[in-house]
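Here is how the chains run, residue by residue.
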Amino acid sequence: MVSKPLHSFIVILLVLSAGDKTAAVNEPELEMEPVPAVWPEQFHALMLMNKSGALEIVDLWYDWVNGRNFNIIQKQLGKLTYDLEWNNGTSFYYTLDASRTCRTVHFEVGILRPNWLDGAKYLGQRHVNGFLCNVWEKVEFLWYYEDIVTKRPVQWIFYTGREAHVMTFDVGAVLEDEKWQAPVYCFHNEKKEVQ
Ligand SMILES: *[C@@H]1O[C@H](CO)[C@@H](O)[C@H](O)[C@H]1NC(C)=O
Ligand SMILES: *[C@@H]1O[C@H](CO)[C@@H](O)[C@H](O)[C@H]1NC(C)=O
């Protein structure tokens, strides 16, 4: 025999849990729209770029901690070109071959912030190159595809048609400081254009 107070208690519990179920059924589902993962503050990625058929391999070293971003660009059967960007808005484009070319460009803004995808518009899920991705549009800029399982970027496609495919993504990898030194001819007044 269940004692009276305990019996009442069980009845109350049953009523409460039944109430819960009803509530769960009646309330609309509060499912949050996915947001893109914030970029790690430091990572290394190997990228395959396709600019309307012109292919490049880009060695990307993103280093927000030190305010710098490096794109080491191998154009298909072409020049190895270095695009070194500082957070103060200065970028150096140079080669390290005998041509000793360097171009310095000053931008109003520095490198991409880790949260640069904030506010991107969620478009849903797509299958891309064997990965199920969440897709966002960064309005007036690009579409961004992120692997649903690992949250790593798979690709982004600029409005210009330029495609960036992420081949490796190593969180925390940092390029040694010596490699971030633009060559001395970047600091001379005479400037040659990088072809
Ligand atoms: C590169 O993009 C062009 C379209 O712009 C496409 O025709 C071509 O197949 C792509 N190449 C590769 C290797 O993905
Ligand atoms: C920005 O920082 C880089 C690296 O320290 C430096 O070479 C460059 O001169 C700086 N640019 C400006 C405008 O201060």
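Residues numbered from 1 in each chain as written. Chains lettered and ligands numbered in written order. Predicted model: local features only at pLDDT ≥ 70, side-chain atom pairs only at ≥ 80, totals over all residues. Heavy atoms only, no water.

Per an unreviewed UniProt entry, the protein chain is named Transferring glycosyl group transferase, and its organism is Arabidopsis lyrata subsp. lyrata.

Draft legend 1. Inspection of the overall build of the protein chain at higher detail. For the protein chain, the helix and strand inventory stands at one helix and 11 strands. Each helix and strand of the protein chain, ordered N terminal to C terminal, gives the series α-β-β-β-β-β-β-β-β-β-β-β. Burial analysis of the protein chain (195 residues in total) assigns 37% to the buried set. A separation threshold of at least 6 residues defines the contact pool for the protein chain, and within that pool the share at least 24 residues apart is 39%. Carbon and sulfur atoms provide 59% of the accessible area of the protein chain, an area that totals close to 12,600 Å². (Helix = DSSP H or I, 4+ residues; strand = E, 2+ residues; numbered from the N terminus. Buried < 20%, exposed > 50% of the residue type's maximum accessible area, 1.4 Å probe, protein only. Contact = heavy atoms within 4.5 Å. Areas by Shrake-Rupley, 256 points an atom, 1.4 Å probe, with all protein chains shown as cover.)

Draft legend 2. Molecular detail of the side chain of N134. Checked against the element boundaries, N134 lands in strand β8 (residues 131–138). Taking the relative accessible area as the measure of exposure, N134 reaches 5% and is therefore buried. At a separation of 2.6 Å, a polar atom in the side chain of N134 contacts the side chain of Y122. Beyond its immediate stretch of four places on either side in the chain, N134 contacts P34, Y122, G124, Q125, Y144, Y145, E146 and I148. (Polar contact = N/O pair within 3.5 Å; in protein donor to acceptor, adjacent residues only side chain to side chain.)

Draft legend 3. Looking closely at the nonpolar core. Of all hydrophobic cores here, the largest spans 23 residues; its most connected members are W39, F43, M47, Y144 and W156. Counting only elements with at least two residues in this core, the list comes to β1 (42–51), β2 (54–63), β9 (142–147), β10 (153–158) and β11 (162–171). Residue contributions to this core peak at four residues, all from β1. Counting 13 residues, the second-largest nonpolar core is a separate cluster that includes F70, L84, C102 and A182. (Core = buried A, V, L, I, M, F, W, Y, C linked by side-chain atoms within 4.5 Å.)

Draft legend 4. Representation of the pairing of strand β4 (residues 80–86) within the structure. Counting buried residues in β4 gives five out of seven residues, a clear majority hidden from the surface. One ladder, built from seven bridges, connects strand β3 (residues 68–75) with β4; its direction is antiparallel. For I72, the partnering residue across the bridge sits in β4 and is Y82. Pairing analysis gives four bridges linking β4 to strand β5 (residues 90–94), with the strands arranged antiparallel. For D83, the partnering residue across the bridge sits in β5 and is Y93. Here β4 folds back onto β5 in antiparallel fashion, the turn holding three residues, of which G89 has a positive phi close to 100°. (Pairing = 2+ DSSP bridges.)

Draft legend 5. Up close: the site of ligand 2. The full set of residues close to ligand 2 is W86, N88, T90, F92, H106 and F187. Note that an oxygen atom of ligand 2 is positioned 2.4 Å from one of the side-chain N or O atoms of N88. In this structure, a nitrogen atom belonging to ligand 2 sits 2.8 Å away from a side-chain N or O atom of T90. Residues that form the shell around ligand 2 fall into these classes: three nonpolar, three polar and no charged. (Near = heavy atom within 4 Å. Nonpolar A, V, L, I, M, F, W, Y, C, P; charged D, E, K, R; others polar.)

Draft legend 6. View of the site of ligand 1. Every residue close to ligand 1 is listed here: N50, S52, G53 and L55. Summarising the interface, the protein chains cover 37% of the accessible area of ligand 1, which totals 360 Å² for the free molecule. For the shell around ligand 1, the per-class residue count stands at one nonpolar, three polar and no charged.

Draft legend 7. Main features of the pairing of β3. Here β3 lies mainly inside the structure; six of its eight residues are buried. Pairing of β2 with β3 involves eight bridges; the strand directions are antiparallel. By the bridge assignment, I57 is partnered in β3 with Q74. Between the end of β2 and the start of β3, which pair antiparallel, lie four residues, with G67 showing a positive phi angle near 65°. Counting the residues that bridge the hairpin from β3 to β4 gives four residues, and of these L77 lies at a positive phi of roughly 50°.

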